[in-house]
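Commentary on secondary and tertiary structure
Chain by chain, the residues:
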Amino acid sequence: MKKVITYGTFDLLHWGHINLLKRAKDLGDYLVVAISSDEFNKIKGKKSFHSYENRKLILEAIKYVDEVIPEDNWEQKVNDVQEHNIDVFVMGDDWVGKFDFLKDYCDVIYLKRTVGISTTQIKRELATTK
Ligand code: C2G
């Protein structure tokens, strides 16, 4: 069984996230998604609209996602890859190069980011809608 992992906040889930998750799943047989905890989001300088628990509930309902684990820090990826016997690490290419150190442990693939949608854009446009 080929196992894939990806990381993210996945707040206000949108079609850009789904495009990423579908392509990530297509790279193997089993997809693990590590969702940033609310505390780690603070470290990332992000405040998500949905709590970790609710973002986890939503992701677990997606047919491409087989398992959801917490992302609590920047340092856990090597351990996650080893502990979960991961074959492929996937991220959107806004992260290109940032996780190449994982190439010692698994394949590292950066997928084209979906243009035209982002959680920040959703928040901004909703804030300006009368
Ligand atoms: N993404 C995408 N297209 C978009 C928006 C997001 O492909 N239009 C991808 C991102 O590239 C990322 C994933 O969806 O691979 C999740 O995006 P975020 O929730 O914004 O995740 P981020 O804050 O980048 O967290 O350790 C890694 C970090 O936790 C990544």
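Provided above is the structure to which this section pertains.
Description of the structure in this document. Small disclaimer: the values here were computed from a predicted structure and weren't measured.

1. Things to note about the site of the ligand
If you check the shell around the ligand, you find 21 residues, and the closest are K46, E71, K77, D94 and I117. K44 is positioned such that a nitrogen or oxygen atom in its side chain is 2.9 Å from an oxygen atom of the ligand. Between the ligand and T114 there is a distance of 2.8 Å, counted from a nitrogen atom to a backbone nitrogen or oxygen. Its free accessible area being 640 Å², the ligand has 95% of it covered by the protein chains. Contributions of two or more residues to the shell around the ligand are made by β1 (3-8), α1 (15-26) and β4 (88-92). With three residues, the single largest contributor to the shell around the ligand is α1. Of the residues assigned to the shell around the ligand, the class counts are seven nonpolar, eight polar and six charged.

Procedures and definitions
- Residues numbered from 1 in each chain as written.
- Predicted model: local features only at pLDDT ≥ 70, side-chain atom pairs only at ≥ 80, totals over all residues.
- Heavy atoms only, no water.
- Near = heavy atom within 4 Å.
- Polar contact = N/O pair within 3.5 Å; in protein donor to acceptor, adjacent residues only side chain to side chain.
- Areas by Shrake-Rupley, 256 points an atom, 1.4 Å probe, with all protein chains shown as cover.
- Helix = DSSP H or I, 4+ residues; strand = E, 2+ residues; numbered from the N terminus.
- Nonpolar A, V, L, I, M, F, W, Y, C, P; charged D, E, K, R; others polar.

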